[in-house]
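# An overview of the molecular structure
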Amino acid sequence: MSAIPERLPQHTRLRSSAPITAGHYEVRMASSAWEIREAQRLRYRLLYLERGGRPDAEKTQTEADADEWDENAYHVIVVDRRDAAERVVGTLRMVAAADLQDGQRFYTEQAFDLTRLRQRYDRLLELGRFCIDGTRRQGTILLLIWKFAAQFIVDNEIDVMLGCASFPGTNLADHEQILGYLHRHNRASPELMPTPRVVDYVQLAQFEDPTLEFDNATRKLPTLLRGYLKLGARVSDTAIIDPVFNTVFVCIYVTAHDMLEGNTPLVQSKHRNS
């Protein structure tokens, strides 16, 4: 697939939410192929140049992170309206089950089997490629993207949002405390548990420490994952080591019911009961 899209993705069932502004920033859906390309370039800079991932030859040549899911994804972007070119300074990719092609599965399903979630829920939305420009991580952009995504979920009556939560670096010793804490306090129920499809994974149970307090366990918690947990997220009981992106990651999901029951201020609820 070319890193430079020739057209906007073709969506079938879901509708976009209205843009949201805060000061000089605006978050909205990408409205041109050029904006998607800029989001892909931001993803490349963060995932590979900054975080030490290993891009393939095409990504290196184009300096853009692109794959098959971009073709039918909802590309959320944040632009700085002070910039005449309105450069993309934040992005999130959302892929709806309703827009997957025949036989296609979520990106997350390369690593995790989501059969149990799929059997329980119909309206699933995958969130991924959450990236913010390195000079803009003061919190405003993160909150804007979260608010837009949450409103999109409510507007389209999504049942579950899902994806992967990553920890930088592949040394498990650096992540033992938070992995053990998540297993003890945020583990998915057996009837909905995502299970690994790959052989290179670890059981989180081995890292449990019942005496570990939240502040100590989460002192290096990624900001994105912290946001998920505030919404009532549940995680897989296994983690996968990913040398391509130089991370260790778990599968994570949040039901709309849990998100809205948590009285999050990010959205105005009109969701049916899950």
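Preceding this section is the structure that the text describes.
## Quick notes on the packing of aromatic side chains
The final tally for this structure, using the stated rule, is seven aromatic pairs. Between tyrosine 48 and phenylalanine 245, the aromatic rings sit 5.5 Å apart at their centres with planes inclined by 35°, giving tilted as the arrangement. With tyrosine 48 in helix 1 (residues 33-50) and phenylalanine 245 in the loop between strand 10 (234-242) and strand 11 (247-255), this pair connects stretches of sequence that are 197 residues apart. Here tyrosine 48 matches phenylalanine 245 in class, with each residue buried. An angle of 85° between the planes, with centres 5.1 Å apart, marks the rings of tryptophan 146 and tyrosine 228 as edge-to-face. In this pair, tryptophan 146 is assigned in helix 4 (residues 140-155) and tyrosine 228 in helix 7 (residues 223-230), connecting sequence segments 82 residues apart. Directly above the aromatic system of tyrosine 107 lies the positively charged group of arginine 93, at a separation of 5.9 Å from the ring centroid. Lying across the ring of tyrosine 107, arginine 129 places its NZ or CZ 4.8 Å from the centre.

## Looking at the sheet that holds strand 7 (residues 160-168)
Spatial ordering of the open sheet is given by 1-2-3-4-6-7-11-10-9, a layout of nine strands whose pairing is mixed. Of all strands in the sheet, those with a lone pairing partner are strand 1 (20-22) and strand 9 (201-203), marking the two edges. Ignoring strand direction, the axes of neighbouring strands in this sheet form an average angle of 25°. Two elements, strand 1 and strand 2 (residues 25-29), share three bridges in a ladder whose sense is antiparallel. Paired with alanine 22 across the two strands is tyrosine 25, which belongs to strand 2. Against the sheet, helix 4 engages strand 1, strand 2, strand 3 (74-80), strand 4 (88-96), strand 6 (124-132) and strand 7, with an angle of about 30° to strand 2.

## A short note on the nonpolar core
Of all hydrophobic cores here, the largest spans 51 residues; its most connected members are Met94, Met161, Leu179, Leu225 and Tyr228. With 10 residues, the single largest contributor to this core is helix 4. Ignoring anything within four residues of it in the chain, the contact list for tyrosine 228 reads Leu127, Trp146, Met161, Ala233, Ile252 and Val254. One finds Val95, Phe106, Phe112 and Ala188 within the second-largest nonpolar core, a separate group that totals 20 residues.

## Description of the environment of arginine 187
Locating arginine 187 in the fold gives a position in the loop between helix 5 (176-185) and strand 8 (195-196). Judged by its relative accessible area of 37%, arginine 187 is partly exposed. Sequence spacing of arginine 187 and valine 235 is 48 residues, and the spatial spacing of their C-alpha atoms is 5.1 Å. Non-local contacts of arginine 187, meaning those with residues more than four positions away in its chain, are made with Leu182, Met193, Glu208, Arg234, Val235 and Asp237. From its side chain, arginine 187 meets the backbone oxygen of histidine 183 in a polar contact 2.4 Å long.

## Let's talk about the pattern of salt bridges
Counted under the stated rule, the structure contains 19 salt bridges. The residue aspartate 65 makes a salt bridge to arginine 43 at a minimum N-O spacing of 2.9 Å. Taken as a pair, aspartate 65 in the loop between helix 2 (57-62) and strand 3 and arginine 43 in helix 1 lie far apart in primary sequence, 22 residues in all. Residue aspartate 70 is joined to arginine 93 by a salt bridge in which the shortest nitrogen-to-oxygen separation is 2.9 Å. Placement of aspartate 70 in the loop between helix 2 and strand 3 and of arginine 93 in strand 4 is noted, with a sequence separation of 23 residues between them. For arginine 93, a relative accessible area of 3% puts it in the buried group. Taken together, the shared-partner salt bridges connect Arg43, Asp65, Asp67, Asp70, Arg93 and Arg129 into one network.

Cut-offs applied
- Residues numbered from 1 in each chain as written.
- Predicted model: local features only at pLDDT ≥ 70, side-chain atom pairs only at ≥ 80, totals over all residues.
- Heavy atoms only, no water.
- Phe/Tyr/Trp six-rings, centres within 6.5 Å; stacked < 30°, edge-to-face > 60°.
- Helix = DSSP H or I, 4+ residues; strand = E, 2+ residues; numbered from the N terminus.
- Buried < 20%, exposed > 50% of the residue type's maximum accessible area, 1.4 Å probe, protein only.
- Lys NZ or Arg CZ within 6 Å of the ring centre and 35° of its normal.
- Pairing = 2+ DSSP bridges.
- Axes fitted to C-alpha atoms, helices over the stretch in contact; angles between N-to-C directions.
- Contact = heavy atoms within 4.5 Å.
- Core = buried A, V, L, I, M, F, W, Y, C linked by side-chain atoms within 4.5 Å.
- Polar contact = N/O pair within 3.5 Å; in protein donor to acceptor, adjacent residues only side chain to side chain.
- Salt bridge = Lys/Arg side-chain N within 4 Å of Asp/Glu carboxyl O.

Nothing here speaks to function; it is all geometry.
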